[in-house]
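Read off the chains here:
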Amino acid sequence: MKHFAILLLLATSAAAETKWAPWIEADAPFFSSSLDLRDADPNAVPMNVTPRGIVLNLGHDCWACFDTELLRVSAVWKGKGVTPEALGPLSYQEAGNFKTLGGQSKLPKPDGTLLLFNGMYPGWQIGEGITLADSREAQPSVEEPGRGPLPADAGRFTAVRMTSGGVVLEYSVAGAVVREQISASGEPAIFQRRFHLDPCGKAVTVVLARMNNDGASMPCAHASSLPITFPVEGSVLAAHIPAHEKPVELAFAFGSGAVASLAEIPATPSPARWPQEVATKGTRSTAQDAYVVDPIELPFANPWHRNVRLCDIAFFKDGTAAASTFDGDVWLIRGLGNNLANLRWRRFATGLHEPMSLAIRREELFVFDRNGIWRLRDTDGNGEADVHELFSNAFPQSAETREFPNSLKLAPDGSFVIAKGGQQSSTISKLNGSVLRVAADGRSYSVLGYGFRQPFAGVNPVTGLVTAADQEGHYTPTTPLYILDKPEYHGYLSELLPKEKYPAPIAEPLTWIPHQVNASAISQVWLTGARMGPLNDALIHIGFNRPELFRILLNQRGTRPQAAVVSIVRDFDVPALNAAVNPLDGALYVTGFQVVGWGTTSKSLSALARVRYTGAPVTLPREIVPMDKGVLLRFDVPLKPDTASARASYTMESWHYRRSWQYGSPQLKADDAPGRDWLTPSSAYLSKDGRSVFVALPEMKPVQQMRIGWSLATPEGVPVEGNAHFTPYELTKFDPAAEGFGPLEVDLTPKPPLAQTTAPASVEEGKKLYQLMGCMACHATDDAVELKIGPSWRGLYGKKRDIFKQPSVDATDDYLRESILTPATKIVKGYEKIEAGMPVYSGVLNDAQIESLILFIKTLQ
C-alpha cells in the first residue's frame, strides 16, 4: 500500500487478462456505497452525502439508497446504479492508469435520473413535528456528514435480510422494531415503501421525500389500519403515525397513478444464489528452507465472472476459511491444509463496502467495512448468508475516501479492535486515523490510539496485547510499530490543519523500521496455536511494498518494552495484507491484493499462499538485546566458534529521523548530516552453549535506529546470515555469567573499521557481503519491481546509467567501485530525491571485499 498514492500499478497476472462481469451484478439485490447528493438540487443541504448507504436494486433499472445512520431513504433514481468513483468499482475491471482522489471531491453519485430524495435529517422522528436539521454531534468540521448513528433510543439500524420476496431492511425506532421493503413497478416507475411496525408507545413520523422542484407535491398513496396524517415542513412530505399497541402494516406509494399495497413483508430466507463450488489447488514448494511458500490458486474461473481480490482470511475451528474481497464478497474455502490438492470455494455473501478485514468469534463470522462491523448469518443452512446483521456502527465513518476500514481483530474478552484510515483532505473528523476497541456487545467503543496516518493493528489472542503499525508519509518519518496500552497521540496531522502544530505529546513507537526494510507497513499476527517450529507464538509483522514477513523480537528486560525486527520470508508473490493460522495444519496463510497506488513488488493482483515450516534448521535469532556494552544475539542453532567470535563477522550502523510535515524523513547521522554513522565492534564472544554471541561496541548509546548484521555459520557449514533493526531506548546491563558466557572481561578498546579480512575476492564472498552489509535492504537482485530506495543490481553491469545532472556512464568496474566507496558522486537519475542515504563505505570495505561485491553484481544478469 505504498503510501496510498493515486496511480494504479500495472501488474501481470492471469487474472488481469480476464474480462470480468460488471462490478454491480445484474441480480445483486443490494450493495453498499456512499452516495453524493450535493448537486441534486440547488436548495439541497450542502453536505448531503450518505457515508454509509445500502443501495437497493429495485428492478426496472430503479435504485434506492437507505442511510443506515439517519434511517432515511436518501434517494431513489432510475438508471445504472452509482457512478464508479469509489476505489472498488473504479479499479475492478483491469489494471491501468485510473485515479482515485482523496477527500470528498469525487464520491459515488446516482447514475441516472433522480426521482426523489431527502436532505440531511433523520428519516424517522419521534413526535408529531418535523425537523429538517441534523441534530447529531458535529465533527470538528461541521460540514462533515459522517457524524455516526442516531442516539440508540431514537433509532438503530439492525440488519439486511435476503428473503424469497426481496431485501428487507430491519431497524428500530423509539424502541419498536421496523421491517421495511422498498419496491418499484410499472413505467413510469411507481415506488412503494412497505412497513411492518411492532407496538410502539410513542407517536413517530417517517419522512418520505422532498417535493418536486416546481413546488408540486409528489403524488403519494397510502394504506394503513391507523389514522395517518401527512404533515409538510418546507418542501418535505412526511407521514405521522400515532402510538399503537399492536403490530401494524403501512404502505406508501409514489408516482403518477400510485396505489399502495399492504402485501405482507416477506420473512422466508432467499434460496441459494451461488450453489456451485469452484475447485482450485495449491502447489507444495520443493525448497529446502526452513520456511517455504506454497502458492494457492484463486477461483478466478468462476460461473459469475467475478473478480476475486482477497483482503483477509480467517479460520473456523474445523479449518474452513472465510475470505473477504475488496469488492464486497465473502468466500468460504474448504480443503486448506496438508497437500492442498482439492480446494473448494463457495461464495457466502456479497454487497459489502470495501471489507478489508474479518474475524471469527465463537464460530460466527464478523466483517469490517465502511458501514461498521457486520455479523453474517446463514439462518437456513443453505451455505449462504441471508442476514447481514449490523453488529456495530457505534463509531462514525466520514465520507473521506481514505478512511479505509483497515483492521478488525478479535480480543480474548470478545471485544474487537479496529483500525481506521486517517488521511483527510476535505474535512476533519474525530476518529479518522484511530485504533478503537469496540465492546463485546457492539454498542460502545473506546479509543486505544489516535493521530495515525493509515494504521493496521494486531491483537494477541491470549494476552490481549494490542499492536499497531503506521504508514510512512507526511508526519510519519518511517514505519513505526507501537504497543497500544493507553490512548496516546501518534503524530499525524491532516493537510487541512496548521503544519506541525501537534495537539498532544507524540507517542514513541516500540521500534522504528527503516524505509528500505519495510516501506509499507501492514498488520500484525501472532502465531498462537501454530506449528511453525521456533516461531510458535511469535509476533509477525507484515510488509506490503516488498511482500515480506518479519519476526518482532520483543525485549521486556527493562522498564519499557523494546523490539528488534528480522526478516523471515521475503519477495514471495502475494501483495500481502493479512494472515491467519490454520488450526488444521498450523501453517500461516497470507493473502492480499493490490489496487490504485498501493505499490507492491508482487506481480499478482491478488494471491493466497501458505507459509509452512519444513523442519529444517531455523537460523533466525530468537532474542536480540541492546545492552550497555554492546548487543546480545541468541540463536536456536549452534554456531561455528571461530566466525562467531570474530568481530569481522558483524556490522553495525546507527541513525535518526526527523518528523515533519514533509513526506518521510532522511536518515541522519548524529551530527544531523544525511547518512548513517558506521559503528565498529571492538570484540565478539560466543556463549558456553555455542548458541549466543555478544558483540561489544564502545560507547553504546540509545538512538532512534540501529542495524546489526551478521555472517556466521553452524559447525556443519550452514550459513547463519541476516540483519536486525531496532530502537535501543534503554540499555540493559550486560552480566556475562548470567547470560551464559561465564567470567568475561569485555574488550571495549576502540578498533579501526572491521572489514579488514584476508578472504580472497569471490562471488560467494560478495553474496555474503550483500547480506552482511545490509545491501539487500535497498537493492534487488531479481526481476522484482524496484523499491525506489536504490537501483536494482539485476542486469546492472555493463549497462548505460543515466546520472542526475551529469553525463551518462557505463556500469563498469570503476563505476561500481566509485558507487560503493562514495555513493553521492554519481546519483542515478530518478533516485536524487531519495533521502535515506547510502552509507559511505570508504575505509569500511577493503579492496578484496569491493572486488567481491563487483563479482557478485556481474553474475546478476
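Structural notes, computed from the coordinates. Here the structure is a predicted model, which is why all the values come from computation and not from measurement.

So, the overall build of the protein chain
Next, step 1: Helix and strand counts for the protein chain stand at five helices and 51 strands.
Next, step 2: Taken over the C-alpha atoms alone, the protein chain extends approximately 100 × 55 × 50 Å along its principal axes.
Next, step 3: Restricting to contacts in the protein chain with at least 6 residues of sequence separation, those with at least 24 account for 65%.
Next, step 4: Surface summary for the protein chain: the accessible area is close to 31,500 Å², and the carbon and sulfur share equals 53%.

Observations regarding the packing of aromatic side chains
Next, step 1: For the structure on display, the rule yields 31 aromatic pairs.
Next, step 2: Aromatic pair F157 and Y171: ring centres 6.5 Å apart, planes at 20 degrees, arrangement stacked. With F157 in strand β7 (residues 155-163) and Y171 in strand β8 (residues 166-173), the pair connects residues that are 14 residues apart, well separated along the chain. For the residue pair F157 and Y171, the accessibility class agrees, reading buried in each case.
Next, step 3: Both rings, one in F366 and one in F391, keep their centres 5.1 Å apart while their planes meet at 80 degrees; by these two values the pair is edge-to-face. Highlighted residues: F366 in strand β23 (residues 364-369) and F391 in strand β25 (residues 387-392), separated in sequence by 25 residues. Each member of the pair, F366 as well as F391, is classed as buried.
Next, step 4: The structure contains a cluster of three or more aromatic residues connected by ring pairs, namely F66, W124, F157, Y171, F195, F230 and F252.

Here's the deal with the environment of T859
Next, step 1: Inspection of the secondary structure assignment puts T859 in the segment after α5 (847-858).
Next, step 2: With 62 residues separating them in the primary sequence, T859 and Y797 have C-alpha atoms 8.7 Å apart.

Some points on α5
Next, step 1: Taking 1.5 Å as the rise per residue, α5 with 12 residues should run 16 Å; its terminal C-alpha atoms sit 17 Å apart, in good agreement.
Next, step 2: Those residues of α5 that sit buried are Q849, I850, S852, L853, I854, F856 and I857.

Here we look at the sheet that holds strand β17 (residues 291-296)
Next, step 1: Reading across the sheet, the four strands line up as β17-β41-β40-β39 and stay open at both edges, with antiparallel pairing between neighbours. Looking at the sheet topology across the chains shown, the edges are occupied by β17 and β39 (578-581). Across this sheet, the average inter-strand angle for adjacent strands is 25 degrees, counted without regard to direction.

A closer look at the sheet that holds strand β11 (residues 204-210)
Strand pairing in a sheet relies on backbone hydrogen bonds, with the paired strands running either antiparallel or parallel.
Next, step 1: Read from one edge to the other, the open sheet built from four strands follows the order β6-β11-β14-β13, with strand pairing classed as antiparallel. Both outer strands of the open sheet, β6 (124-126) and β13 (232-233), are each paired with one neighbouring strand and no more.
Next, step 2: Across two bridges, β13 lies against strand β14 (residues 236-241) in antiparallel orientation. Note on β14: the bridge partner recorded for E233 is V236.

Remarks on unusual backbone geometry
Next, step 1: With an omega of 5 degrees, the peptide bond running from E187 to P188 counts as cis.
Next, step 2: Structurally, P188 can be placed in the loop between β9 (176-185) and β10 (190-197).
Next, step 3: For L71, which is not glycine, the phi dihedral falls at a positive 55 degrees.
Next, step 4: Note on placement: L71 falls in the loop between β3 (62-67) and β4 (72-82).
Next, step 5: Among the residues examined, L71 registers a relative accessible area of 1% and is labelled buried.
Next, step 6: In this structure, A174 is a non-glycine residue whose phi angle is positive, near 50 degrees.
Next, step 7: Relative to the assigned elements, A174 resides in the loop between β8 and β9.

About the criteria used
Throughout this description, residue numbers start from 1 for each chain and increase along the sequence as written. Per-residue local features of the predicted model are confined to residues with pLDDT of at least 70, and side-chain atom pairs are confined, for both listing and counting, to 80 or more; whole-chain, interface and lining totals are unaffected and use all residues. The side-chain values count all of the structure's non-hydrogen atoms but skip hydrogen atoms and water molecules. Runs of E in the DSSP output that reach at least two residues are strands. Runs of H or I that reach at least four are helices, and both are numbered from the N terminus. The contact rule is simple, with two residues in contact once any of their heavy atoms fall within 4.5 Å. We get accessible surface area from the Shrake-Rupley algorithm with a probe of 1.4 Å; when it comes to residues, only the shown protein chains can shield them. Each pair of aromatic rings taken from Phe, Tyr and Trp, with Trp reduced to its six-membered ring, is defined by centres within 6.5 Å and is described as stacked if the planes are under 30 degrees apart, edge-to-face if over 60, and tilted in the remaining cases. Exposure is judged per residue with a 1.4 Å probe applied to protein chains only, and the accessible area is read against the type maximum: over 50% gives exposed, under 20% gives buried, and values in between give partly exposed. Expected helix span is taken as 1.5 Å per residue step, with the number of steps being one fewer than the number of residues. In this analysis, strands are considered paired if DSSP registers two or more bridges between them. In this description, a line fitted to the C-alpha atoms serves as the axis of each element, helices being fitted only across the stretch in contact, and the angle between N-to-C directions of two axes falls anywhere from 0 to 180 degrees.

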